[in-house]
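# Understanding the architecture of this molecule
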Amino acid sequence: MQTTFTAEQLADPLTARSNEILRTCVHCGFCTATCPTYKVLGDELDSPRGRIYLIKDMLENARVPDAKTVQHIDRCLSCLSCMTTCPSGVHYMHLVDHAREYIEANYRRPLPDRLLRWVLAKILPYPGRFRLALRGARLGRLFRRLMPDPRLRAMLDMAPRDIPPPSLNDRPQVFPAQGQRRKRVALLTGCAQRALNTDINDATIRLLRRHGCEVVIPRGLGCCGALTHHMGRTGESHAMAAANIRALTAEIDGAGLDALVINTSGCGTTVKDYGHMFAGGALEADAARVARLAKDIAEVMADLGLRDATHAPPLRVGYHAACSLQHGQGIKATPKELLADAGFTVLEPKDSHICCGSAGTYNLMQPAISAELKARKVATLEATRPQVISAGNIGCMMQIGSGTGVPVVHTAELLDWATGGPKPPALRDVA
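Heads up: these notes are all about the structure in this document. Note that this is a predicted model, so its numbers are computed, not measured. (Residues numbered from 1 in each chain as written. Predicted model: local features only at pLDDT ≥ 70, side-chain atom pairs only at ≥ 80, totals over all residues. Heavy atoms only, no water.)

### Notes on the environment of R23
Locating R23 in the fold gives a position in helix α2 (residues 13–24). Each C-alpha atom of the pair R23 and V90 lies 8.7 Å from the other, and the pair is 67 residues apart in sequence. The contacts of R23, once residues within four sequence positions are left out, are M1 and T3. (Helix = DSSP H or I, 4+ residues; strand = E, 2+ residues; numbered from the N terminus. Contact = heavy atoms within 4.5 Å.)

Following this line, the structure appears as structure tokens:
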């Protein structure tokens, strides 16, 4: 794709990077075949190719974004399926992230939109605040029908009926390895996950310790910055990421780390991109070090190898491939191989490359499109007749779980169970 940025524009590193990406695109349109919003809406401007044209026009002309452009960019899930499909290697993630930041800085949204985005940015990344909000949602459900904005109703619908108490395991501490120590790893405990489902981190810690890992929960870790990063709120996202980088660098330079284990793939995609996010800044070197250490729990367990995975029955497991894992990080076969090694019968649904519609805060800000994608995903998963559904991302788990009666658990919970841990609480009614 030909571009016409000026030398002055290209002096900005973000614009220079977007220029590189735009010039890689050859307009082939392969991306439209795997874009969830294009499949649902059928609008070229709701496909990666269409959005690329809109972003190019907006950035090249340094213009104030119009409502039409913002609408189509906002409808993008950032599922990154297009990056897996693209034969030219267009790095759409960096391009759309730049577009979101540009829109946030140059477009004044309607007041309801500004308030909603502010609320999400100030609550979701903070487990304590989020937990209080979830409790408040119980009362809010009584007035659901009176709420005119479908996004507010979506927020109430997302809130689980049962809110787990905080897990003591999420506090800063060190868990010793069981037996001979093979690795020393840090665990990113997350933000929303700590309020929504404490079983995931608990199972991850048990699993790692059982396989010879000393597990560190560093002091000062918080939200990875992904939620606000994908809203274009760069100042907030970088502040959160910087705090994590400093906390992890202290561990690396102290007792050392062999890996930063991440069990929420949406976080993993962002942390692995810290090097790009902080390029040219004072934290560039440390950010790159942290990014290199970042590993999904599936990657770490594949490296360690499962031990004595004989404790769980051979359940039929419908495996949901989170977009941030398969497209964002390129991890596709590993979780399925681990589940099979643990004795489970792994079932892959039709169109497994298509997003479930969760996508961070997308199911709250674009509830209609998200609901359609959820219905399609649940239908394909249930068609495999699973006894349990497994995923590697809390957002996907909440999204799919709200549309099916089949229990949904994290892959780490099943691996923990299979190697000697307790049966996942969500499976208490499964024989």
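### Some details on the sheet that holds strand β8 (residues 388–391)
The strand order across the open sheet formed by four strands is β7-β6-β8-β9, and the pairing between neighbours is parallel. A strand with exactly one partner marks an edge of an open sheet, and here the two such strands are β7 (345–347) and β9 (408–410). Each neighbouring strand pair of the sheet contributes to a mean axis angle of 35°, computed without reference to strand direction. Judged from the three bridges that link them, strand β6 (residues 316–319) and β8 form a sheet pairing that is parallel. Counterpart to V317 in the pairing with β8 is V388. Strand contacts of helix α23 (residues 394–401): β8 and β9, with the helix running at about 170° to β9, the strand carrying the most contacts. (Pairing = 2+ DSSP bridges. Axes fitted to C-alpha atoms, helices over the stretch in contact; angles between N-to-C directions.)

### Digging into the side chain of R184
By the element assignment, R184 lies in strand β2 (residues 183–188). R184 sits in the buried class, given a relative accessible area of 7%. A polar contact of 2.8 Å, which involves the side chain of R184, links it to the backbone oxygen of G256. (Buried < 20%, exposed > 50% of the residue type's maximum accessible area, 1.4 Å probe, protein only. Polar contact = N/O pair within 3.5 Å; in protein donor to acceptor, adjacent residues only side chain to side chain.)

### Regarding the sheet that holds strand β1 (residues 173–175)
Spatial ordering of the open sheet is given by β1-β3-β2-β4-β5, a layout of five strands whose pairing is mixed. This sheet does not close on itself; its edge strands, each paired only once, are β1 and β5 (294–296). When the angles between neighbouring strand axes are averaged without regard to direction, this sheet yields 30°. With three bridges connecting them, β1 and strand β3 (residues 213–217) associate as antiparallel partners. Of the residues in β3, the one forming a bridge with F175 is V215. Contacting β1, β2, β3 and β4 (259–262), helix α12 (residues 199–210) crosses the sheet at an angle of about 145° to β3. In the packing of helix α18 (residues 297–304) onto the sheet, contacts are made with β2, β3, β4 and β5, and the angle to β5 comes to roughly 85°.

### Quick look at the packing of α12 against helix α24 (residues 411–418)
The N-to-C vectors of α12 and α24 enclose an angle of 45°; their axes lie 8 Å apart at closest approach. In terms of their interaxial angle, α12 and α24 are classed as oblique. For the pair α12 and α24, the crossing hand works out as left-handed. Judged by residue contacts, D199, I200, A203, T204, R206, L207 and R210 of α12 engage A412, E413, L415 and D416 from α24. (Parallel < 35°, antiparallel > 145°, perpendicular 65-115°, else oblique. Left-handed = near helix turned anticlockwise from the far one by under 90°.)

### Observations regarding the pattern of salt bridges
Tallying each qualifying case throughout the model produces 25 salt bridges. Between D46 and R75 there is a salt bridge, with its nearest N and O atoms 2.8 Å apart. Of the two residues, D46 is situated in the loop between α3 (36–41) and α4 (48–60) and R75 in the loop between α5 (67–74) and α6 (81–85); the sequence distance between them amounts to 29 residues. Like R75, D46 is buried. In the salt-bridge network here, residues are joined through shared partners; they are E104, R117, K122, R233 and E236. (Salt bridge = Lys/Arg side-chain N within 4 Å of Asp/Glu carboxyl O.)

### Points about the nonpolar core
Judged by nonpolar contacts, the single largest core of 70 residues is most densely connected at L208, V215, F344, L414 and L427. Not counting chain neighbours up to four residues away, the residues in contact with L208 comprise V185, C213, V215, V261, I297, V300, M301 and L304. Counting 25 residues, the second-largest nonpolar core is a separate cluster that includes L188, C224, I252 and F278. (Core = buried A, V, L, I, M, F, W, Y, C linked by side-chain atoms within 4.5 Å.)

### Considering the packing of aromatic side chains
Overall, the coordinates contain two aromatic pairs when judged by the stated rule. Consider the rings of Y274 and F278, whose centres lie 6.2 Å apart with planes at 85°: the pair is edge-to-face. Each member of the pair Y274 and F278 is classed as buried. Seen from the ring of Y126, R129 lies directly overhead, with NZ or CZ sitting 3.9 Å from the centre. (Phe/Tyr/Trp six-rings, centres within 6.5 Å; stacked < 30°, edge-to-face > 60°. Lys NZ or Arg CZ within 6 Å of the ring centre and 35° of its normal.)

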